Amino acid sequence: MYYNNKKLALSFLWIILGAVLMGLSVAEVLTSSYYSGMGGALLAVGILQVIRNLRYRNDKEYQEKIDVEYGDERNRYLRMMSWAWTGYLVVLIEAAGVVVALVMGQHTIQIILAYSVCLIVGIYWIVHMILKRKY
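Residues numbered from 1 in each chain as written. Predicted model: local features only at pLDDT ≥ 70, side-chain atom pairs only at ≥ 80, totals over all residues. Heavy atoms only, no water.

*Asks:* Which residues make up the pattern of salt bridges, and what values go with them?
*Replies:* Per the stated rule, a full pass over the model turns up 1 salt bridge. Between Arg55 and Asp59 there is a salt bridge whose closest N-O contact spans 4.0 Å. (Salt bridge = Lys/Arg side-chain N within 4 Å of Asp/Glu carboxyl O.)

Dropping the structure here:
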């Protein structure tokens with residue numbers, strides 16, 4: 001079963017946390033509008049997740065559709081390939097951003113993008129070594 005009581009409880013946690021953040025922002029305890037926006041987003045996500053969870057529990061056709069979507073090998077393969085392509089593209093775009101930032105004289109942006117590329121490549125290398133031993 002894709003949806004369970006833990007996911008429903010987590011959805012209610014998002015609703016409560018969002019309402020608290022929005023309430024504190026309205027009461028001007030938190031002065032930044034960032035908190036009210038984040039609270040509204042958490043509130044909306046929590047409500048949508050509760051609706052989705054209840055629909056899954058009550059609608060057998062929707063339940064079957066979701067179970068097939070998350071259990072189908074083709075969909076798993078597509079998700080895996082999507083993450084792989086996303087990783088390649090992020091590294092290449094950030095590497096191009098390093099060069100562009102260098103040309104524009106934006107040293108801070110260049111360093112941040114370069115560290116991000118190094119972090120991603122480093123994590124890739126570690127995961128590759130772990131998976132090479134496992135498989």
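So that's the structure; there's more coming.
*Asks:* Please set out the side chain of Gln110 residue by residue, giving values where relevant.
*Replies:* Inspection of the secondary structure assignment puts Gln110 in helix H5 (residues 107–134). When sequence neighbours within four positions are dropped, the list of residues in contact with Gln110 reads Val98, Ala101 and Leu102. (Helix = DSSP H or I, 4+ residues; strand = E, 2+ residues; numbered from the N terminus. Contact = heavy atoms within 4.5 Å.)

*Asks:* So what's going on with helix H4 (residues 73–104)? Which residues, and what values?
*Replies:* Given a rise of 1.5 Å per residue, 32 residues ought to cover 46 Å, and the 46 Å separating the end C-alpha atoms of H4 matches this to within 8%. Tucked inside the fold, the buried residues of H4 contact helix H3 (60–71) and H5. Just downstream of H4, Gly105 is the residue with a positive phi angle, here 80°. (Expected span 1.5 Å × (residues − 1).)

*Asks:* Before we move on, can you summarise the domain arrangement of the protein with the specific residues and values?
*Replies:* The figure often quoted for interface size is the accessible area lost as the parts come together. As assigned here, the protein comprises domain 1 (1–71) and domain 2 (73–135). If you average the C-alpha positions of domain 1 and of domain 2, the two centres end up 30 Å apart. In this assembly, 4 residues from domain 1 lie in contact with 4 residues from domain 2. Between domain 1 and domain 2, the buried area comes to about 290 Å², and carbon and sulfur atoms account for 26% of it. (Domains from an automatic or database assignment. Buried area = accessible area lost by both parts, 1.4 Å probe.)

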